[in-house]
Amino acid sequence: MSLRVFVNEKPVTVARGATVRDAVEALDRDLAGLLASGAAYATDGVGRPVDAGEVIGEGGAILRVVVTARKGGGAARMSKELLRRWPKAELHVHLDGCLRPETMLELAREQGVRLPADTPAGLAQALHVKHAKSLEEYLTKYEITLSVMQTAPALERIAYEFVVDAAADGVRYVEVRYSPLLHRPALTLTQAIEAPLAGIRRAEGETGTKVGLIVCGIRTRPPAESLELARAAATYRGSGLVAFDLAGPERGHPAGEHRAAFEYAAGHGMACTCHAGEGDGPSSIHEALHACGAQRIGHGTRLGEDPALLDYVVERAIPLEMCLSSNLHTHTVTAIAEHPFKRYLERGVVVTLNTDGRLVDGISLTDEYFLAHSALGLSRQDLTRVTLNACQSAFLPEYEKVALVSRVQSELEAL
Ligand SMILES: [Zn+2]
């Protein structure tokens, strides 16, 4: 059986099991040579880089090969392998978006929960948000992952495996978030906080990757629940719980309604961040900063629509926790080339690169670095800046931040 593939808009036919490289070769041997040497890269129909060794799916594919190397040199291209070894820090990732599919299946069997597929590949496919129409649809995928996360041992295991997988991806520091409110009534808030903290501690000891836990209030839930969560979380400050966040559908659910929770968290020594400027415009970022006292912004993609606010964010060095692939999946941007990440970086915004959800977005942090490099043209120096931005924006005590920055800097020099 053969498959139909379009390479640079020209149809080619390849055998089942053929790779991206084979399809390019079927069109143009010279182009395949450039791809092999790293002088060109391949993307899918929406501009996401694909690996030359990737096998083409049953439905065929639309591929584009982009030649990058100019005669006489140009910026040296970095391989995915180099970027995997690159010491990285991540500030914005949801625990409930990062389960191993195999673990989900095991937990579902143990707990008698029904899932939309019964193989790891089928489940990964079912949870992948590539074709979500909006942030709201994207969020429905989390209901599936949460269905197997309603016991303390499951939460402990999922947190443990998340850190192990992040460490294998070259992540030296990660802040992972979730909402303990979404584990009631099966668990109390205390149980829902202690279980992932235990998993994190176990993995930190084994991997050397340092981890901070962030709890999220939910915009669509009553503000009293956010406050209740902030109170429960404050008890664990100093035990690995570092910050309070607000997540969930943004439009029509202003962050300011949850101001009391932010005030409580800040008043009890916790840091604050807030999802904003993803599902809604810059006024939502304004509210997160000025009504809620957020010290960082989750996403902030639409910041540039308000030039005065952009200036403010630059002047105050307010970090943005940006997520390229996720923004594409939620239609916050229409194509990766439209993403303002590089523009913000050049403008002096403290931008950082993050996955948002490794399972639901179908990516690793290495993939996001590779995407920023190959699709947005970030150079080695740019990525160094982005990595150090993340380290310097970590919700860590000052002396620990200094230690993290110097560890990552010396690893980068040795790379
Ligand atoms: Zn998020």
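Every value quoted in this text rests on a predicted model; they were computed, and no experiment measured them.

## Observations concerning the packing of aromatic side chains
Consideration 1: Taken as a whole and assessed by the stated rule, the structure comprises 2 aromatic pairs.
Consideration 2: Ring centres 6.5 Å apart and planes at 50 degrees place the aromatic pair Trp86 and Tyr369 in the tilted group. One end of the pair, Trp86, is in the loop between helix H3 (80–85) and strand S6 (88–94); the other, Tyr369, is in helix H15 (residues 365–374), and 283 residues separate them in sequence. The pair Trp86 / Tyr369 is uniform in exposure class, with both members buried.
Consideration 3: When the ring centre of Tyr160 is taken as origin, the NZ or CZ atom of Arg202, which lies over that ring, is 3.7 Å away.

## Brief notes about the coordination of the zinc ion
Consideration 1: With distances of 2.1 to 2.4 Å, the protein atoms coordinating the zinc ion are His92 (NE2), His94 (NE2), His275 (NE2) and Asp356 (OD).
Consideration 2: Seen from the zinc ion, its 4 donor atoms lie at angles of 82 to 171 degrees, and the figure they make is irregular.
Consideration 3: All donors to the zinc ion come from one chain, and their sequence spacing reads H-x1-H-x180-H-x80-D. One end of the pair, His275, is in strand S10 (residues 271–276); the other, Asp356, is in the loop between strand S13 (351–353) and H15, and 81 residues separate them in sequence. The same class applies to His275 as to Asp356, namely buried.

## Description of the pairing of strand S1 (residues 2–7)
Consideration 1: Taking every second residue as pointing to the same face, the buried face of S1 carries Leu3, Val5 and Val7, while none of Ser2, Arg4 and Phe6 on the other face is buried.
Consideration 2: Where S1 and strand S2 (residues 10–15) come together, 6 bridges link them in antiparallel fashion. Paired with Ser2 across the two strands is Ala15, which belongs to S2.
Consideration 3: Between the end of S1 and the start of S2, which pair antiparallel, lie 2 residues, with Asn8 showing a positive phi angle near 45 degrees.
Consideration 4: As paired strands, S1 and strand S5 (residues 61–67) are joined by 3 bridges and run parallel to one another. Residue Phe6 lies in a different strand from S5, and its bridge partner there is Ile62.

## Considerations on the domain arrangement of the protein
Consideration 1: On domain assignment, one finds that the protein holds domain 1 (2–67) and domain 2 (81–411).
Consideration 2: A straight line from the C-alpha centre of domain 1 to that of domain 2 covers 32 Å.
Consideration 3: With 6 residues of domain 1 at the interface, the matching set in domain 2 holds 12 residues.
Consideration 4: Both faces combined, the contact of domain 1 with domain 2 buries some 650 Å², and carbon together with sulfur accounts for 60% of it.
Consideration 5: There are 0 salt bridges connecting domain 1 and domain 2.
Consideration 6: Scanning the region where domain 1 abuts domain 2 turns up 1 residue pair in polar contact (both at pLDDT 80 or more).
Consideration 7: Here the side of domain 1 that touches domain 2 is built from residues that sort into 3 nonpolar, 1 polar and 2 charged.

## Description of the pattern of salt bridges
Consideration 1: On inspection of all chains with the given rule, the structure shows 29 salt bridges.
Consideration 2: Across the salt bridge formed by Arg100 and Asp165, the nearest N and O atoms sit 2.8 Å from each other. Pair noted here: Arg100 is in the loop between S6 and helix H4 (101–111) and Asp165 is in helix H7 (residues 152–168), with a separation of 65 residues, a long-range link.
Consideration 3: Residue Arg100 is classed as partly exposed on the basis of its relative accessible area, which comes to 27%.
Consideration 4: Residue Glu400 pairs with Lys210 through a salt bridge whose shortest N-O separation is 3.3 Å.

## Quick look at helix H6 (residues 135–146)
Consideration 1: Relative to the 16 Å expected for 12 residues at 1.5 Å per residue, H6 spans 17 Å between its end C-alpha atoms, a close match to the ideal helical length.
Consideration 2: Those residues of H6 lying buried are Leu135, Tyr138, Lys141, Tyr142, Thr145 and Leu146. End-on view of H6: buried residues confined to an arc of 140 degrees, all on one side of the axis.

## Here's the deal with the sheet that holds S13
Consideration 1: Strand order in the open sheet formed by 8 strands is S6-S7-S8-S9-S10-S11-S12-S13, with parallel pairing between adjacent strands. Each of the sheet's edge strands pairs with one partner strand only, and the pair in question is S6 and S13. Across the sheet, the axes of successive neighbouring strands diverge by a mean angle of 25 degrees, strand direction being ignored.
Consideration 2: Pairing between strand S12 (residues 320–322) and S13: 3 bridges, direction parallel. Across the sheet, Met322 pairs through a bridge with Leu353, a residue of S13.
Consideration 3: Contacts from helix H9 (residues 223–234) reach strand S8 (210–218) and strand S9 (241–247), with the element oriented near 155 degrees to S8.

## Focus on the pairing of strand S11 (residues 296–299)
Consideration 1: Looking at chain direction, S10 and S11 are connected through 4 bridges and run parallel. Counterpart to Thr273 in the pairing with S11 is Arg296.
Consideration 2: Assessed by its sense of winding, the connection that carries the chain from S10 through helix H11 (residues 282–290) to S11 is right-handed.
Consideration 3: Inspection of the sheet shows S11 paired to S12 by 2 bridges, in the parallel sense. If you follow Gly298 over to S12, its bridge partner there is Glu321.
Consideration 4: Taken together, S11, helix H12 (residues 307–315) and S12 form a β-α-β motif whose crossover is right-handed.

What counts, and where the lines are drawn
- Throughout, a residue's number is its position along its own chain's written sequence, starting from 1.
- Local features in a predicted model are, by the rule used here, given only for residues with pLDDT of at least 70; side-chain atom pairs are given and counted only at 80 or more, and totals for whole chains, interfaces and linings are based on all residues.
- By convention in this description, side-chain values take in all heavy atoms of the structure and omit both hydrogens and water.
- Side-chain rings of Phe, Tyr and Trp (the six-membered ring for Trp) are treated as a pair once their centres are within 6.5 Å; stacked means planes under 30 degrees apart, edge-to-face means over 60, and tilted covers the remaining angles.
- Where helices and strands are cited, they refer to DSSP runs of H or I of at least four residues and of E of at least two residues respectively, numbered from the N terminus.
- Relative accessibility decides the category of a residue: with a 1.4 Å probe and only protein chains considered, values under 20% of the type maximum give buried, values over 50% give exposed, and everything between is partly exposed.
- Counted as over-ring charges are cases with an Arg CZ or a Lys NZ within 6 Å of the ring centre that also lie within 35 degrees of the ring normal.
- Each metal's donors comprise the N, O and S atoms found within 2.8 Å of it (within 3.2 Å for Na, K or Ca). Water is not part of the atom list, so some coordination spheres may appear incomplete.
- Any coordination sphere not matching a tetrahedral pattern (four donors, all angles between 85 and 135 degrees) or a square planar or octahedral pattern (four or six donors, opposite donors over 155 degrees apart, other angles between 65 and 115) is reported as irregular.
- Paired strands, in this sense, are two strands between which DSSP finds at least two bridges.
- Note: domain ranges come from an automatic or database domain assignment.
- Note on contacts: a residue pair qualifies if any of its non-hydrogen atoms lie within 4.5 Å across the two residues.
- The term buried area denotes the loss of accessible surface (1.4 Å probe radius) that occurs when two parts are joined, taken as the sum for both partners.
- Any Lys or Arg side-chain nitrogen located within 4 Å of an Asp or Glu carboxyl oxygen qualifies as a salt bridge.
- Any pair of N or O atoms that falls within 3.5 Å is considered a polar contact. Within protein, one atom must be able to donate a hydrogen and the other to accept it, and sequence-neighbouring residues count only if both atoms are side-chain atoms.
- Residue type decides the class: Asp, Glu, Lys and Arg count as charged, Ala, Val, Leu, Ile, Met, Phe, Trp, Tyr, Cys and Pro as nonpolar, and the leftover types, Gly among them, as polar.
- Here the expected span of a helix is defined as 1.5 Å times the quantity of residues minus one.
- Arc definition: it is the arc formed by the directions from the helix axis to the C-beta atoms.
- Interaxial angles span 0 to 180 degrees and are taken between N-to-C directions of axes, which are lines fitted to C-alpha atoms, for helices over the stretch in contact.
- Here a crossover is taken to be right-handed if, once the strands point away from the viewer, the path from the first strand over the helix to the second is traced clockwise.

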